[in-house]
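Spelled out from the first residue to the last, the chains are:
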Amino acid sequence: MARAGGVSARPSPRERVYARSRDAGSPALRLGARNAERHQKRSAPSRDQLVKAARQAETHLRRTRPNASAAYGANRIQTTLAAIGAISAAIFACIDPSAAAQLASIVFAVVLGALSVFRFAACATPPRRASTSSWRDEPPVYTVIAALYQESDVLAELVASLSRLDYPRDRLDIKLVLEADDAETIAAAHALKLDERFQILLAPPGAPRTKPRALNIALAFARGEFVTVYDAEDRPSPDQLRAALDAFADGGDALACVQAPLSWYNARETWLTRQFALEYAVQFHVILPALARWGWALPLGGTSNHFRTRALKSVGGWDPHNVTEDADLGFRLAAEGWRTGVISPGTREEATTTLAPWTRQRTRWIKGFMQTWLVHMRRPLALVRGGGIGAAAALHLTIGLSALSSLLHAPIAAGCLLALLTGVLSWQAAAMFLGGYAVAAGAALLGARRAGLGPVLLDVAAMPAYWTLHTRAAVLAVIELVRRPHYWAKTTHGVSAMFRRPARGARPEAMPKPESACAPDGDAASAVQASRAEPKPRAPAGDSPTA
């Protein structure tokens with residue numbers, strides 16, 4: 001195998017595994033590969049280039065900015081303080097349980113009070129009006145990245161959605177990043193009639209096997225001046241890229257990223273999805289617009305964030321060891337002096353419909369929040385110097401207190417209910433808790449109105465019950481943070497009964513028809529059917545990627 005400089009060397013074990021996973025497989029995979037040679041007009045990077053990009057994706061941030069990488073856990077000072085706090089709390093609880101319970105109630109009241117003030121201020125802040133300027137020069141090349149794993153069932157719909165983006169075809173650079181051992185998704189991708197906008201990249205084996213690692217691999221080959229990320233089940237508004245360009249034109253060179261609002265196309269399917277929809281309405285239609293208006297840092301969502309490519313590369317790309325790489329990146333950009341903003345055209349996703357997958361997904365999110373908070377608290381003054389006091393406040397209010405309130409809500413709520421039933425709850429405490437719930441309900445109603453959701457009064461009244469579910473996920477997140485901090489729980493997509501139907505209230509143009517953009521030909525259709533008849537590859541016991 002040829003190396004740089006013309007030196008030959010035997011392939012490494014990793015490269016041999018990669019070659020086998022690429023070349024071997026079912027007849028469907030081999031047929032899909034032949035179809036890909038006919039339909040793809042741009043050649044993929046070589047194996048050596050992909051292996052090099054994978055190594056860079058895994059190690060670049062922790063080598064160049066070790067203090068910004070979640071590859072390293074809590075530092076010595078953080079570990080010592082956590083141990084002292086836990087031991088002190090346990091001793092205090094054993095000596096005087098009633099006083100310990102009262103102290104815990106005070107802590108929760110402070111957390112609830114801070115979040116209530118924050119939410120009230122966000123509700124009182126009108127969102128900034130959408131940009132009215134337009135990109136005056138020739139539209140730049142725009143790179144779109146989708147990292148996929150075990151997503152053969154939703155791939156056709158994703159390709160259709162991306163094909164409907166309102167952007168010049170010759171200026172789109174769409175990267176589909178697939179894991180090299182995911183034979184079924186590879187076969188499905190190769191079976192589609194992918195045009196010149198699309199390029200399939202096979203991520204070589206490596207660790208940690210996470211979505212941000214795959215994104216970094218694609219970033220190494222990005223041709224665009226701007227880059228955005230979508231998930232496997234996403235249905236972005238067709239005008240989203242143009243809206244992002246308008247925002248970048250208005251925001252100046254210091255604007256590194258804009259976030260599009262996220263919502264669910266199956267928001268009304270179950271009680272859980274309705275609660276999820278309210279939660280997202282508050283986050284993307286109340287909290288993030290207010291943070292952007294104040295000039296504070298944003299905890300980015302995992303999809304539909306649009307970057308200046310040079311800004312993204314200047315901060316080291318995504319952290320492959322952080323399981324909420326999106327939120328972390330928003331604060332890392334702020335720490336290095338970049339600004340973030342929001343745009344109006346949104347993206348519809350698929351909400352988990354049952355409790356078990358919701359808990360796995362939420363456990364990963366809360367664990368990632370803990371990772372992000374610990375990483376940025378290694379050098380807290382760096383965030384203040386780069387993004388101002390507002391960036392630090394945003395970190396604590398949106399990441400730190402969010403994780404803490406998730407951990408405390410169920411036991412404190414149960415204790416307050418017991419105190420209320422026994423008549424020992426003071427009216428001051430009752431007023432504080434009811435006031436906090438009232439502010440949260442007001443934020444949910446405002447977010448629901450801005451997001452265009454239907455009647456939500458009963459769902460708003462049920463929000464405290466939904467919040468109690470977060471505590472179990474938060475406890476699991478603490479355990480995972482200690483035992484397997486980089487484990488990525490896979491979320492299965494395409495399970496909703498509304499997956500292939502337009503969501504209620506959705507704009508028709510946002511609901512693409514898969515067959516219009518990527519209908520397989522005869523042989524390719526057979527390949528997809530054959531590949532789906534085979535067992536899906538099992539996710540490894542360790543880290544697993546997801547979109």
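Since we're looking at a predicted model, the values are computed, not measured. (Residues numbered from 1 in each chain as written. Predicted model: local features only at pLDDT ≥ 70, side-chain atom pairs only at ≥ 80, totals over all residues. Heavy atoms only, no water.)

K.L.:
Before we go on, may I ask you to explain the packing of helix α10 (residues 271-294) against helix α13 (residues 355-376) in this structure?
P.N.:
Working note: a packed helix pair is described by the angle between its axes plus the distance between those axes. It is at 11 Å that the axes of α10 and α13 come closest, and there the two elements cross at 25°. Comparing the axis directions of α10 and α13 gives the class roughly parallel. Crossing of α10 against α13: the hand is left-handed. Residue-level contacts link Leu272, Phe276, Glu279 and Tyr280 of α10 to Leu355, Trp358, Gln361, Arg362 and Trp365 of α13. Each residue belonging to the contact of α10 with α13 can be placed in one class, and the counts come to six nonpolar, one polar and two charged. (Axes fitted to C-alpha atoms, helices over the stretch in contact; angles between N-to-C directions. Helix = DSSP H or I, 4+ residues; strand = E, 2+ residues; numbered from the N terminus. Parallel < 35°, antiparallel > 145°, perpendicular 65-115°, else oblique. Left-handed = near helix turned anticlockwise from the far one by under 90°. Contact = heavy atoms within 4.5 Å. Nonpolar A, V, L, I, M, F, W, Y, C, P; charged D, E, K, R; others polar.)

K.L.:
Where do I start with empty space enclosed by the protein in this structure?
P.N.:
Inspection of every chain in the model, using the stated rule, returns three cavities of 30 Å³ or more. Forming the walls of the second largest cavity are Leu262, Ser263, Trp264, Ala267, Ala277, Tyr280, Ala281, His285, Ala451 and Leu453. Mapped onto the lining of the second largest cavity, the elements with two or more residues apiece are β7 (262-264) and α10. Considering each element in turn, the lining of the second largest cavity owes the most residues, four residues, to α10. In terms of residue class, the lining of the second largest cavity is built from eight nonpolar, two polar and no charged. (1 Å grid on protein atoms, 1.4 Å probe; cavity = no way out; pocket = protein on both sides within 12 Å on 5 of 7 lines; lining within 4 Å. Points joined across faces, edges and corners; volume = space filled by probe spheres on them.)

K.L.:
Even after reading the chapter, I still don't get the pairing of strand β6 (residues 255-259), so can you show me in this structure?
P.N.:
Looking down a regular strand, the side chains alternate between one sheet face and the other. Within β6, five of the five residues are buried, leaving the element largely enclosed by the surrounding structure. Relative to strand β9 (residues 339-342), β6 is paired through four bridges, and the arrangement is parallel. What sits directly across from valine 258, in β9, is glycine 341. With three bridges joining them, β6 and strand β8 (residues 305-308) adopt antiparallel strand pairing. (Buried < 20%, exposed > 50% of the residue type's maximum accessible area, 1.4 Å probe, protein only. Pairing = 2+ DSSP bridges.)

K.L.:
So what exactly am I meant to see when it comes to helix α9 (residues 240-251) here?
P.N.:
For an α-helix the count is 3.6 residues per turn, leaving residues at separations of three or four pointing the same way. Under the 1.5 Å per step criterion, the end-to-end length of α9 is 16 Å for 12 residues, consistent within 8% with the ideal 16 Å. Inspection of α9 places Gln240, Leu241, Ala243, Ala244, Leu245, Asp246, Ala247 and Phe248 among the buried residues, and these make up the whole buried set. (Expected span 1.5 Å × (residues − 1).)

K.L.:
I would appreciate a short explanation of the sheet that holds β7 in the present structure.
P.N.:
Strand pairs in the sheet, formed through backbone hydrogen bonds, run parallel or antiparallel to each other. Strand order in this open sheet of three strands is β5-β10-β7, and the pairing throughout is mixed. Each end of this open sheet is capped by a strand with a single partner; those strands are β5 (235-236) and β7. Pairing analysis gives two bridges linking β5 to strand β10 (residues 347-349), with the strands arranged antiparallel. The partner of arginine 235 across the bridge, within β10, is arginine 348. Against the sheet, α10 contacts β7 and β10, and its axis sits at roughly 165° relative to β7.

K.L.:
Help me understand the sheet that holds β8 in this model?
P.N.:
Spatially, β3-β2-β1-β4-β8-β6-β9 is the arrangement adopted by the seven strands of the open sheet, whose pairing is mixed. On the outer flanks of this sheet lie β3 (198-203) and β9, each paired with one strand and no other. Across the sheet, the axes of successive neighbouring strands diverge by a mean angle of 25°, strand direction being ignored. Together, β6, β8 and β9 form the strand contacts of helix α12 (residues 325-335), whose direction differs from that of β8 by roughly 35°.

K.L.:
In this structure, what is going on with the packing of aromatic side chains? I would like to understand it.
P.N.:
For any two aromatic rings, the description comes down to two numbers: the centre-to-centre distance and the angle of the planes. Taken as a whole and assessed by the stated rule, the structure comprises 15 aromatic pairs. Plain terms: the ring middles of phenylalanine 307 and tryptophan 318 are 5.9 Å apart, the flat faces sit at 90° to each other, and that makes the pair edge-to-face. You can see phenylalanine 307 sitting in strand β8 and its partner tryptophan 318 sitting in the loop between α11 (309-314) and α12, a full 11 residues away along the chain. Accessibility assignment for this pair places phenylalanine 307 and tryptophan 318 in one class, buried. Taken together, the ring pairs connect Trp264, Phe276, Tyr280, Phe284 and Trp365 into an aromatic cluster. The ring of tyrosine 265 is capped by arginine 235, whose NZ or CZ atom sits 4.1 Å from the centre of that ring. Across the ring face of tyrosine 487, the terminal group of arginine 484 is positioned such that the distance to the ring centre comes to 3.9 Å. (Phe/Tyr/Trp six-rings, centres within 6.5 Å; stacked < 30°, edge-to-face > 60°. Lys NZ or Arg CZ within 6 Å of the ring centre and 35° of its normal.)

All quantities given are derived from atomic positions and should not be read as evidence of function.
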